[in-house]
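Structural characterization, general
One letter stands for each residue in the lines below.
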Amino acid sequence: MSIKKHNFLLKPLDFVTILLFLVTFIIFFSMIKTKAQKLIIEISTPEEIYTYDMASNREFSVEGTLGQTKIKILDNTASIMSSPCSNKTCIHQGKISKAGQWLCCAPNQVIVVIKDSGQAAEKSNEPDAISF
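Since the model is a prediction, treat every value here as computed from it, not as a measurement.

**Focus: helix α1 (residues 12-31)**
The terminal C-alpha atoms of α1, which comprises 20 residues, lie 29 Å apart, in line with the 28 Å expected from a rise of 1.5 Å per residue. With zero of 20 residues buried, α1 is to be regarded as a mostly surface element.

**Points about the nonpolar core**
Of all hydrophobic cores here, the largest spans 19 residues; its most connected members are Ile41, Ile43, Met54, Phe60, Ile71, Val110 and Val112. When residues of this core are traced back to their parent elements, those giving at least two are β1 (39-44), β3 (58-63), β4 (68-74), β5 (77-82), β6 (102-105) and β7 (110-116). Ignoring any residue separated from it by four or fewer positions in sequence, one finds Val112 in contact with Ile41, Glu42, Ile43, Ile71, Ile96, Gln101, Trp102 and Leu103.

**Quick notes on the sheet that holds β7**
Reading across from one edge, β2-β1-β7-β6 is the order of the four strands in this open sheet, with antiparallel pairing throughout. Looking at the sheet topology across the chains shown, the edges are occupied by β2 (49-53) and β6. For this sheet the average axis-to-axis angle between neighbouring strands, irrespective of direction, equals 20 degrees. Direction of pairing for β1 relative to β2: antiparallel, over a ladder of five bridges. The partner of Ile41 across the bridge, within β2, is Tyr52.

**Some remarks on the sheet that holds β4**
In spatial order, the strands read β3-β4-β5; together these three strands make up an open sheet with antiparallel pairing. A single partner strand is all that each edge strand has here, and the edge strands are β3 and β5. When strand polarity is set aside, the average angle formed by the axes of neighbouring strands in this sheet is 30 degrees. Bridge analysis of β4 against β5 gives five bridges, and the strand direction is antiparallel. For Ile73, the partnering residue across the bridge sits in β5 and is Ala78.

Quick notes on the rules
- Residues numbered from 1 in each chain as written.
- Predicted model: local features only at pLDDT ≥ 70, side-chain atom pairs only at ≥ 80, totals over all residues.
- Heavy atoms only, no water.
- Helix = DSSP H or I, 4+ residues; strand = E, 2+ residues; numbered from the N terminus.
- Expected span 1.5 Å × (residues − 1).
- Buried < 20%, exposed > 50% of the residue type's maximum accessible area, 1.4 Å probe, protein only.
- Core = buried A, V, L, I, M, F, W, Y, C linked by side-chain atoms within 4.5 Å.
- Contact = heavy atoms within 4.5 Å.
- Pairing = 2+ DSSP bridges.
- Axes fitted to C-alpha atoms, helices over the stretch in contact; angles between N-to-C directions.

Laid out in structure tokens, this is it:
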């Protein structure tokens, strides 16, 4: 029994195929939009809705049904620092930093949501699928 050695050589058409694949791959990924998200934080209370830029470091308080809820924005993260609710679950939720994440103090009726400012502006007047 003899073992045959196979030499693997690329043919000219193999080079063309590989080249076409690479060009298609580069064109496909260059067409994908890679825009930087500008995040905003939206705080809803029973009385008002507040909007702040996530890039600005600040601490502020908003009035809920039980009293003042203190919110902190630091290094593109948001967290609830203090609240007059009894169980303090909202404080233990930790920090949020990505679009779609949220914090809630249900007893004080304060909701903190991070949104992409582009998506918020585009979709603010559009009906969603549930509306139809």
